[in-house]
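Geometric and topological summary
Each chain, written out:
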Amino acid sequence: MGRIHICVKRTFIFVCVLICIISTLLLAITLFGHGYFHQSEEIEEILPGIVVLYVLEAATLVLSIFGVYGARKEKKWAVVLFSVGMSLASLYLFVECVKAYYSKHEMEELTREEHLAMMPLSGAKQTDIETIYNIQTNFKCCGLVQGYQDWGTDIPISCLCSDEDSTDFKCVAPGNNTRFVIHYHKSNSSEDDDHKGLMDENMLVYEKPCLPILISVERSAISLGIGIFVALTALWDVGVVLAITILCQMRRKVDVPPVIFTSQPPQYRELCDTAECLT
């Protein structure tokens, strides 16, 4: 029993240390993401989620420390605190994973509606144009639904397919009545310099539109996030099972009555035969 207890204890300490390391890394990533989106307009929408991540990661970090302390010092209260806290955190994360799975299609539809609201791209706002510029540059695509045709006759320079890109991405030649333009920000240019035309019959543009690619990337990111959270939930559940096992062993160890060994010889009483005792 003692050997099994030591094996379970070491495994539990290893799991707690692993949870501590993962929680620290996730906390650092959350801090970096908070700083990255601090100046953006989307910070108000994602701030509640960031706060929840702060609380969850800090709580699991502290609970893992209590778990290591309780296992090494055999403190029952610390192991109980770990098991209860991690059970609640695991239940919360499991519920959030289920919600994210069933709301995945709604999030995709919301992304589609937000970007379709920018149409037609030839008359889009400057902020929307800058957003689409970044999407086209990062994902090597052009337009949202119908490719370069969404831009009309003025195709942005971010749709331009270079000779190096033409080997990895499918590119097409736009119509003869189109031209490549560079849109400048209003604060950095005058009304007459809002766009600059570039003419070249040999220029190619990316064939694929950006909206399907964007939705596909979002779908993959959501699936990856759900997978990571499910793995974390499984790890936390393993820690809870080991904690309950240690608590059971601690209780069994207390209930066993102590065995006392003495060095004094036992007390013997001499028995005599009935006839001898009578005489």
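Cut-offs and rules
Residues numbered from 1 in each chain as written. Predicted model: local features only at pLDDT ≥ 70, side-chain atom pairs only at ≥ 80, totals over all residues. Heavy atoms only, no water. Disulfide = S-S within 2.5 Å. Helix = DSSP H or I, 4+ residues; strand = E, 2+ residues; numbered from the N terminus. Buried < 20%, exposed > 50% of the residue type's maximum accessible area, 1.4 Å probe, protein only. Pairing = 2+ DSSP bridges. Polar contact = N/O pair within 3.5 Å; in protein donor to acceptor, adjacent residues only side chain to side chain. Contact = heavy atoms within 4.5 Å. Phe/Tyr/Trp six-rings, centres within 6.5 Å; stacked < 30°, edge-to-face > 60°. UniProt positions renumbered as here; feature names shortened; annotations may be inferred. Salt bridge = Lys/Arg side-chain N within 4 Å of Asp/Glu carboxyl O.

**Some words on the state of the cysteines**
Covalent bonding between the sulfur atoms of two cysteines defines a disulfide. Throughout the structure, instances matching the rule amount to 2 disulfides. Disulfide pairing places Cys-142 opposite Cys-159 at an S-S distance of 2.1 Å. Judged by the sign of its S-S torsion, about 90°, the bond between Cys-142 and Cys-159 is right-handed. Taken together, the positions of Cys-142 in the loop between helix H5 (126–139) and strand E1 (154–156) and Cys-159 in the loop between E1 and strand E2 (160–161) put the pair 17 residues apart, joining distant regions of the chain. Note on Cys-16: no disulfide assigned, nearest cysteine sulfur contributed by Cys-20 at a separation of 9.1 Å. By relative accessible area, which is 0% here, Cys-16 ends up buried.

**A short note on the sheet that holds E2**
Paired through their backbone hydrogen bonds, the strands of a sheet run either parallel or antiparallel. Taken in spatial order, the 3 strands make up an open sheet running E2-E6-E3, and their pairing is antiparallel. Each end of this open sheet is capped by a strand with a single partner; those strands are E2 and strand E3 (171–172). Relative to strand E6 (residues 204–206), E3 is paired through 2 bridges, and the arrangement is antiparallel. By the bridge assignment for E6, Cys-171 is matched with Tyr-206.

**What to know about the side chain of Gln-136**
Note on placement: Gln-136 falls in helix H5. A distance of 2.5 Å separates a polar atom in the side chain of Gln-136 from a polar atom in the side chain of Ser-158. Not counting chain neighbours up to four residues away, the residues in contact with Gln-136 comprise Cys-141, Cys-142, Gly-143, Trp-151, Pro-156, Ser-158, Cys-159 and Cys-210.

**A look at the packing of aromatic side chains**
Throughout the structure, instances matching the rule amount to 4 aromatic pairs. On the basis of an interplanar angle of 90° and a centroid distance of 5.1 Å, the ring pair of Phe-12 and Phe-82 is categorised as edge-to-face. On the criterion of sequence distance, the pair formed by Phe-12 in helix H1 (residues 2–36) and Phe-82 in helix H3 (residues 76–102) is long-range, its members being 70 residues apart. Neither Phe-12 nor Phe-82 differs from the other in exposure class; each is buried. Geometrically, the ring pair formed by Phe-66 and Trp-77 is edge-to-face, given 5.9 Å between the ring centres and 70° between the ring planes. Highlighted residues: Phe-66 in helix H2 (residues 43–73) and Trp-77 in helix H3, separated in sequence by 11 residues. The class of Phe-66 is partly exposed, set by a relative accessible area of 28%. Taken together through their ring pairs, the aromatic side chains of Phe-66, Tyr-69 and Trp-77 make up a single cluster.

**Overview of the side chain of His-115**
Relative to the helices and strands, His-115 resides in helix H4 (residues 104–116). For His-115, the side chain forms a polar contact with the main-chain oxygen of Thr-111, separated by 2.9 Å. Apart from residues lying up to four places away in sequence, His-115 is in contact with Ile-135, Leu-144, Leu-211 and Leu-214.

**Description of the UniProt feature "transmembrane region" (unreviewed entry) in the chain**
The feature "transmembrane region" (unreviewed entry), as given by UniProt, occupies residues 12–34, 46–70, 77–95 and 221–248 in the numbering adopted here. Helix and strand shares over residues 12–34 are 100% and 0% respectively, and the end C-alpha atoms of the span are 32 Å apart.

**With respect to the pattern of salt bridges**
As enumerated under the stated definition, the model contains 3 salt bridges in all. The residue Glu-74 makes a salt bridge to Lys-9 at a minimum N-O spacing of 3.2 Å. Taken as a pair, Glu-74 in the loop between H2 and H3 and Lys-9 in helix H1 lie far apart in primary sequence, 65 residues in all. Of the residues examined, Glu-74 reaches a relative accessible area of 33% and is grouped as partly exposed. Note on Lys-9: relative accessible area 17%, which makes it buried. Glu-108 is paired through a salt bridge with Arg-219; the nearest N and O atoms lie 2.9 Å apart. Of this pair, Glu-108 sits in helix H4 while Arg-219 sits in helix H6 (residues 210–255); the two residues are 111 residues apart in sequence, bridging distant segments of the chain. Under the relative-accessibility criterion, Arg-219 is labelled partly exposed at 35%.

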